[in-house]
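Listed here are the chains, written in short residue letters.
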Amino acid sequence: MSRGRVLIVGGGQGGFQVASSLRDEGFDGPIAIIGEEPGVPYQRPPLSKAYLMGKVSEDQIRLRPASFYESRTIELFAPERAVRIARDLRQVELESGRHLDYEHLVLATGARPRGIRVAGAELDGVFTLRGLADAEAIRTQLESATNITIIGAGFIGLEIASVARAMGVNTHIIDFAERPLKRSVSAKTADFLTEAHATQGTQFHFKTAIVEITGAGGRVTGVATSNGRHLPADLVVIGIGVEPSVELARDAGLKIDNGIVVDQQLLTADQSISAIGDCAQYPTDFFPHPIRIESVQNAVDHARCVAARLAGKAVPYRKVPWFWSDQGQYKLQIAGVAQEGDDAVLRGDMASGRFSVFRFRAGRLSCVESVNQAADHLAARKLIEKSAPLTPELVSDPAVSLNQLAA
Ligand SMILES: Cc1cc2nc3c(=O)[nH]c(=O)nc-3n(C[C@H](O)[C@H](O)[C@H](O)COP(=O)(O)OP(=O)(O)OC[C@H]3O[C@@H](n4cnc5c(N)ncnc54)[C@H](O)[C@@H]3O)c2cc1C
C-alpha cells in the first residue's frame, strides 16, 4: 500500500516502535520521527539499573543502531522539538521553524518528572531521572558520593537506592506515605521490599516531608525533614512521579484528562491523530475507568496496535498491562492494575524471597505482584486476560498449577 506520511512526535520507546512496526506491517509510505533528545531512540529502564551502575554503555541501550533508520527509510529529526500542531493544515511546526505535513500523526511524547516546590530544589547536585543525560550526571556524582538522599519511594527511587547501595553510598529515602509504592503494590509486597532494602543498608524515612534542601556555595549539602532531622547528601534525586507531556495536544484543542484522551483504537477525537504510551489515557477492560500507564509493555503494545490500524488491520487495544522493576537481587513483576483496597492473597513463602501476591477486586483477579517468580507472572497475564474464575483459596494453594488454570 502507498500512503501519505505518518509523522511521529516523540523518539522514545513508543515512537520508535510505531515506525518499526509500520515497516513490519508492510507500510511503504513515508515515516518520520521528531525527537527532542539527541541521537537515536534508546531504552529508559537501564537508566536506573545497569546503565546507572556502569554495566552497560550508551550504545548497548539504543533500541536500534542509526543504520536501522536508514535501511528502513525512517526519517529521524533529532534533536528537534515539535512546538505546534496545525490540525487544519495537517502540519506540525518544529522549533527550528520547519513545517512537516502528515496524513496521520502519532503523539508519543511520554512524560516528564514532577518537580518539587521546596527551597533548595535548584541547587547543583539535585536531580530528576528521565533521560540519558540525567542518568549520566547521576552516575558521575554517585562515583564519588558518600551520601545520597532520594525523595520518593517509588519504583525509580527504589531502583536508584539499590544501585547506590551496591556502589557503597549511604542511602536515605524520604516519602510522606507510610510505605513504598503506595499506589502500585499491596502492603505485603511493599513490606517485603522495605525489609529487603533496609537489610542492604537503605534507611527509610516514611511519613516524612522535606522542609528544605540545604546547600553551600550553590551546591547541595543535605535535606532538612519535617521531623527535625538533617540528612547530609552529596546528591539528591527527586523521584515523585511524572506528568504526561500533553501541551502539544492541549494547544491543538484535543481533550486532556490524566493524559491525552484516546478511545479503544488509541485515536483522539481527531481521526488523523493517535496518542500512545506514557502520554495517553485510554479505556481498558482491566480497570474500572480509563487509565494512563507508564511501562515499556504499554508503549510497545500501543505502538503495535496503532501501526496495525494504519496498515489496514484495525483491532481495539486489549492488552493486559504488565511491568517489571529490578531492585538488587529482586525482580518484581506486575501483571494487571490494582487499586488501593483490592484484597491481597499470598502464594508462596515470603521468607524464601520468591512469592506472588494475588489481588482481587469484587471477586475478580485484578493484579498479580510476583517477586522472583517469573512463572507465576507469565501465568498471571493469561489468567487476567481470560478473566479466569479464581478464588483466593485456589491461588494460595501451592498444589494448584497456575498454568493449568490459565490453559
Ligand atoms: C529511569 C526509568 C526507568 C524505567 N524502568 C522501567 C522498567 O523497569 N520497566 C518498565 O516497564 N518501564 C520502565 N520505565 C518506563 C518506560 O521507560 C516508559 O514507560 C516508556 O519509555 C514510555 O515510552 P513513551 O514512548 O511513551 O515515552 P518516552 O520513552 O518517554 O519517549 C517520549 C519522547 O518524546 C520526546 N518528546 C516529548 N515532547 C516532544 C516534542 N514536543 N517534540 C519532540 N520530542 C518530544 C521526549 O523527549 C522523549 O524522548 C522506566 C522509565 C524511566 C525514566
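Given the structure is predicted, the values throughout are model-derived calculations rather than measurements. (Residues numbered from 1 in each chain as written. Predicted model: local features only at pLDDT ≥ 70, side-chain atom pairs only at ≥ 80, totals over all residues. Heavy atoms only, no water.)

Chemist: Lay out the packing of aromatic side chains in plain terms, naming residues and giving numbers.
Modeler: In the structure shown here, the tally under the stated rule is eight aromatic pairs. Considering the side-chain rings of Phe16 and Phe68, the 5.9 Å spacing of their centres and the 50 degrees angle between planes classify their relative orientation as tilted. Of this pair, Phe16 sits in helix H1 (residues 13-24) while Phe68 sits in helix H3 (residues 66-71), and the two are 52 residues apart along the sequence. By the burial criterion, Phe16 is buried, and Phe68 matches it. Here the aromatic rings of Phe192 and Phe355 are separated by 4.9 Å at their centres, their planes lie at 70 degrees, and the arrangement is edge-to-face. In this pair, Phe192 is assigned in helix H6 (residues 187-199) and Phe355 in strand E24 (residues 354-361), connecting sequence segments 163 residues apart. (Phe/Tyr/Trp six-rings, centres within 6.5 Å; stacked < 30°, edge-to-face > 60°. Helix = DSSP H or I, 4+ residues; strand = E, 2+ residues; numbered from the N terminus. Buried < 20%, exposed > 50% of the residue type's maximum accessible area, 1.4 Å probe, protein only.)

Chemist: Kindly report on the environment of Gly120, identifying the contributing residues and their values.
Modeler: Relative to the assigned elements, Gly120 resides in the loop between strand E8 (111-113) and strand E9 (126-127). Residues Gly120 and Arg219, 99 residues apart in the sequence, show an inter-C-alpha distance of 9.0 Å.

Chemist: If you had to explain the domain arrangement of the protein chain to someone new, which residues and values would you point to?
Modeler: Splitting the protein chain by domain gives domain 1 (6-112 + 243-310), domain 2 (115-240) and domain 3 (329-406). The centre of domain 1, based on its C-alpha atoms, is set 32 Å off from the matching centre of domain 3. At the interface, seven residues of domain 1 touch seven residues of domain 3. Roughly 520 Å² of surface becomes buried between domain 1 and domain 3 when both sides are summed, with 66% attributable to carbon and sulfur atoms. The tally of links between domain 1 and domain 3 comes to zero salt bridges. Where domain 1 packs against domain 3, one counts one residue pair in polar contact (both at pLDDT 80 or more). Counted by class, the side of domain 1 that touches domain 3 contains five nonpolar, one polar and one charged residues. (Domains from an automatic or database assignment. Contact = heavy atoms within 4.5 Å. Buried area = accessible area lost by both parts, 1.4 Å probe. Salt bridge = Lys/Arg side-chain N within 4 Å of Asp/Glu carboxyl O. Polar contact = N/O pair within 3.5 Å; in protein donor to acceptor, adjacent residues only side chain to side chain. Nonpolar A, V, L, I, M, F, W, Y, C, P; charged D, E, K, R; others polar.)

Chemist: Just give me the short version of the site of the ligand, but keep the residues and values in it.
Modeler: Not every one of the 33 residues close to the ligand is listed here, only the nearest: Gly14, Glu36, Glu37, Lys49 and Arg130. Between the ligand and the protein, one listed contact pairs an oxygen atom with a side-chain N or O atom of Arg44 at 3.0 Å. Against a free-state accessible area of 1,000 Å², the protein chains account for coverage of 96% of the ligand. Of all elements in the fold, only H1, helix H8 (296-310) and strand E21 (322-327) reach the threshold of two or more residues within the shell around the ligand. (Near = heavy atom within 4 Å. Areas by Shrake-Rupley, 256 points an atom, 1.4 Å probe, with all protein chains shown as cover.)

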